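Residues per chain are reported as follows:
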Amino acid sequence: MAHLAVNDVRAKYGALEVLKGISFSIEKGEIAALVGPSGSGKSTVLRALMGLTPVTGGHVALAGDQLDYSNAKSVRAARDRMAIVFQQYNLFQNMTVMQNLTLAPLKIKRWPRAEVESEARRLLGLVGLGDKADAYSDQLSGGQQQRVALARALALKPQILLLDEVTSALDPELVNEVLDAVGKLAAEGMTMIIVSHEMAFVREVADKVIFMDGGQIVESGEPAALFDSPRTDRARDFFSKILRH
Amino acid sequence: MNYRFQFGVVWDNLDELFAGALLTFQLGVFAFAGGALIGLVCASLKTYGPWPVRLLVNAYVVFITNTPALIQIYFLYFGLPEVGVRWSNEACLLIGLTLNAGAYLTLILRAGFLSVRVTEIEAGQTLGMSLVQQIRYIIVPHIAKSIYPALANFFIVVLVMGTSVGALIGVDELTGQAINLSSVNYRWLEYFTVVAGMYVVLTFIASIGLALLGRWAFRVKAKIF
């Protein structure tokens with residue numbers, strides 16, 4: 001049984017249907033990449049899974065449990081098991097790096113402080129920011145802030161990590177430091193759904209690539225197969241444009 | 001110029017000036033605190049309330065910010081007794097200043113409400129925060145930090161400009177005391193020189209206190225000098 005099964009999920013912004021029946025599944029330890037043009041609904045899939053964009057139809061099952069996004073308890077359960085990292089980092093600017101990482105584990109999960117803090121230090125080490133625990137976000141570069149956001153998401157020990165264009169807001173030379181950190185997580189066997197335009201990175205880490213356009217999944221498959229020999233014209237057109245260089 | 005300064009009479013009555021300064025400080029603090037409470041309620045209503053309530057809040061803010069504080073206080077002190085509402089001069093001053101500060105603080109606090117980043121709130125939600133936790137850990141600290149300088153400046157405005165209006169309805173705050181004392185012995189120049197100095201010292205102390213509080217509580221990078 002799939003770890004996460006998304007079945008015919010729909011979502012609307014006002015009258016505009018942005019997800020027109022999305023279905024895919026992901027196994028434990030797998031990495032799925034959502035790719036496609038801007039406005040195709042990739043980010044909305046992640047936002048819908050986290051209960052930020054209302055789901056108007058379909059089913060989501062996580063580890064066998066049905067999630068009902070109209071039910072607050074069910075949304076809490078989703079947020080309990082999945083974590084998201086945003087394009088714009090969204091760190092709490094009034095807190096230090098350490099406080100950003102420990103707030104939710106301490107105040108929401110009520111885990112013991114000593115354990116939470118040592119885990120936070122381990123995670124900061126993992127993303128290469130062991131010396132920045134007491135810094136505030138405005139003292140960090142974009143790449144550093146994004147790595148803090150990654151560590152903050154991991155501090156809640158999620159079963160699935162959702163990455164929403166985590167390198168799109170970064171200067172080119174900062175992209176790799178974030179991708180390196182994500183690569184480390186991939187090597188550790190973290191289950192992830194990645195929205196990304198970094199095709200070389202996707203090809204390297206993803207087990208499955210899902211190509212979306214216009215709120216629908218056009219085609220999906222293993223990265224090499226999809227990138228090199230897409231079956232649909234739409235996918236062939238898209239990849240021929242972005243993989244040229 | 002053959003004016004001979006005689007500060008002696010001022011020094012003799014210094015304790016009365018200090019009493020006036022203390023009253024000025026108390027009036028400033030209470031009017032600001034009351035105004036902040038009104039401002040907080042009105043700013044929430046103006047931002048999140050239904051339209052009839054927003055209209056009411058707007059009317060209050062527009063009316064108060066577009067009329068002089070002196071007129072508002074005269075209305076309470078000289079106007080209301082005509083219809084049987086009689087308050088002491090100090091009460092009229094405090095109520096007037098509080099209502100006045102409330103309108104200005106509504107505008108300042110509303111700017112703070114509008115500046116909260118939706119993205120930070122979403123980050124909080126996805127970490128599993130309840131609404132109360134979002135308000136406590138994200139919204140309030142953010143508002144406090146972003147509007148702190150404006151709040152601190154406005155406190156000084158209330159403290160100095162606001163309270164001195166009280167002299168005109170016979171409240172013995174610092175300006176009132178200076179008028180009372182100097183009209184006994186006509187040492188206007190000496191009294192108002194000393195009182196101006198006392199205002200400067202009073203606002204200076206308040207500024208340093210506010211800057212330190214801001215740095216300590218909200219990481220506001222306020223310059224003290």
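Bear in mind that the values here come from a model prediction, so they are computed numbers and not experimental data.

**Points about the overall build of chain B**
1) Next: Regarding its fold elements, chain B presents nine helices and zero strands.
2) Next: With respect to the three principal axes, the spread of C-alpha positions in chain B is 75 × 50 × 30 Å.
3) Next: Considering only residue pairs separated by 6 or more positions, chain B has 75% of its internal contacts joining residues 24 or more positions apart.

**Some points on the interface of chain B and chain A**
1) Next: The partner chain A presents 17 residues to the 15 residues of chain B that form the contact.
2) Next: Taken together, the elements giving at least two residues each to the side of chain B that touches chain A come down to α6 (118-126) and α7 (131-164) of chain B.
3) Next: Looking at side-chain class alone, the side of chain B that touches chain A contains six nonpolar, six polar and three charged residues.

**Side note on the sheet that holds strand β5 (residues 65-67) of chain A**
All names here are of chain A.
1) Next: If you walk across this open sheet you meet the four strands as β2-β1-β4-β5, and the pairing is antiparallel. Whereas interior strands pair on both sides, the edge strands pair on one side only; in this sheet they are β2 (16-26) and β5. Sheet twist, expressed as the mean angle between neighbouring strand axes with direction ignored, is 15°.
2) Next: Relative to strand β4 (residues 55-62), strand β1 (residues 4-13) is paired through six bridges, and the arrangement is antiparallel. Bridging across to β4, alanine 11 finds its partner in valine 55.
3) Next: Strands in contact with helix α1 (residues 42-49) are β1, β2 and β4; relative to β2, the strand with the most contacts, it is inclined by about 75°.

**Some words on helix α8 (residues 174-185) of chain B**
All names here are of chain B.
1) Next: With 12 residues, α8 extends 17 Å between its outermost C-alpha atoms, agreeing within 8% with the 16 Å of an ideal straight helix rising 1.5 Å per residue.
2) Next: Taken residue by residue, α8 has Leu174, Thr175, Gly176, Gln177, Ala178 and Leu181 as its buried positions.
3) Next: Of the surrounding elements, those touching the buried residues of α8 are α2 (14-48), α7 and α9 (188-218).
4) Next: Directly after α8, the chain includes tyrosine 186, whose backbone phi takes a positive value near 60°.

**Comments concerning the pairing of strand β8 (residues 191-195) of chain A**
Residue and element names in this part refer to chain A.
1) Next: Among the five residues in β8, five count as buried, and that is most of the element.
2) Next: Burial along β8 is two-sided: Thr191, Ile193 and Val195 facing one way and Met192 and Ile194 facing the other are all buried.
3) Next: Sheet topology places strand β3 (residues 31-35) next to β8; four bridges connect them, and they run parallel. Bridge assignment links isoleucine 31 to a residue of β8, and that residue is methionine 192.
4) Next: Note that strand β7 (residues 160-164) and β8 share five bridges and pair parallel. Following the sheet pairing, leucine 162 is matched in β8 by isoleucine 193.
5) Next: Crossover β7 to β8 through helix α6 (residues 172-187) is right-handed.

**Examining the confidence of the model for chain B**
1) Next: Mean pLDDT for chain B: 90, with 97% of residues reaching 70 or above.
2) Next: Interface confidence for the predicted complex, given as ipTM, is 0.86, next to a pTM of 0.76.

**A look at the sheet that holds β3(A)**
Pairing between the strands of a sheet comes from backbone hydrogen bonds, and it takes one of two forms, parallel or antiparallel.
Residue and element names in this part refer to chain A.
1) Next: The strand order across the open sheet formed by six strands is β6-β7-β8-β3-β9-β10, and the pairing between neighbours is mixed. Looking at which strands have only one partner, the edges of the open sheet turn out to be β6 (82-85) and β10 (216-221). Put simply, the sheet's adjacent strands are angled 20° from each other on average, direction ignored.
2) Next: Pairing analysis gives four bridges linking β3 to strand β9 (residues 208-213), with the strands arranged parallel.

**Concerning the nonpolar core**
1) Next: Residues Ala33(A), Ala151(A), Ala153(A), Leu162(A), Leu163(A), Ile193(A) and Ile194(A) are the most contacted members of the largest nonpolar core, which totals 82 residues.
2) Next: Of the residues forming this core, the biggest block, six residues, is contributed by helix α5 (residues 142-154) of chain A.
3) Next: Setting aside residues no more than four positions away along its own chain, Ile194(A) makes contact with Ile31(A), Ala33(A), Leu163(A), Val202(A) and Ala206(A).
4) Next: The next biggest cluster of nonpolar side chains, apart from the first, holds 30 residues, and it includes Tyr77(B), Leu97(B), Ala101(B) and Leu109(B).

**With respect to the pairing of β10(A)**
Successive side chains on a regular strand alternate, one facing one side of the sheet and the next facing the other.
All names here are of chain A.
1) Next: In this sheet, β10 lies alongside β9 in antiparallel orientation, the contact comprising five bridges. The partner of aspartate 213 across the bridge, within β10, is glutamine 216.
2) Next: Counting the residues between successive antiparallel strands, the hairpin from β9 to β10 contains two residues, one of them, glycine 214, with a positive phi of roughly 60°.

**Quick word on the packing of α2(B) against α8(B)**
Residue and element names in this part refer to chain B.
1) Next: As a packed pair, α2 and α8 sit with axes 7 Å apart at the nearest point and diverge in direction by 155°. One way to sum up the angle between α2 and α8 is to call them roughly antiparallel. Counted together, Glu16, Leu17, Gly20, Ala21 and Thr24 of α2 and Leu174, Gly176, Gln177 and Leu181 of α8 form the full contact between these two elements.
2) Next: For the contact of α2 with α8, a count of residues per class yields four nonpolar, four polar and one charged.

Rules used in this analysis
Residues numbered from 1 in each chain as written. Chains lettered and ligands numbered in written order. Predicted model: local features only at pLDDT ≥ 70, side-chain atom pairs only at ≥ 80, totals over all residues. Helix = DSSP H or I, 4+ residues; strand = E, 2+ residues; numbered from the N terminus. Contact = placed C-beta atoms within 7 Å. Nonpolar A, V, L, I, M, F, W, Y, C, P; charged D, E, K, R; others polar. Pairing = 2+ DSSP bridges. Axes fitted to C-alpha atoms, helices over the stretch in contact; angles between N-to-C directions. Expected span 1.5 Å × (residues − 1). Buried ≥ 20, exposed ≤ 12 C-beta atoms within 10 Å, placed from the backbone. Right-handed = clockwise from strand over helix to strand, strands pointing away. pLDDT = per-residue confidence, 0-100. Core = buried A, V, L, I, M, F, W, Y, C linked by C-beta atoms within 7 Å. Parallel < 35°, antiparallel > 145°, perpendicular 65-115°, else oblique.

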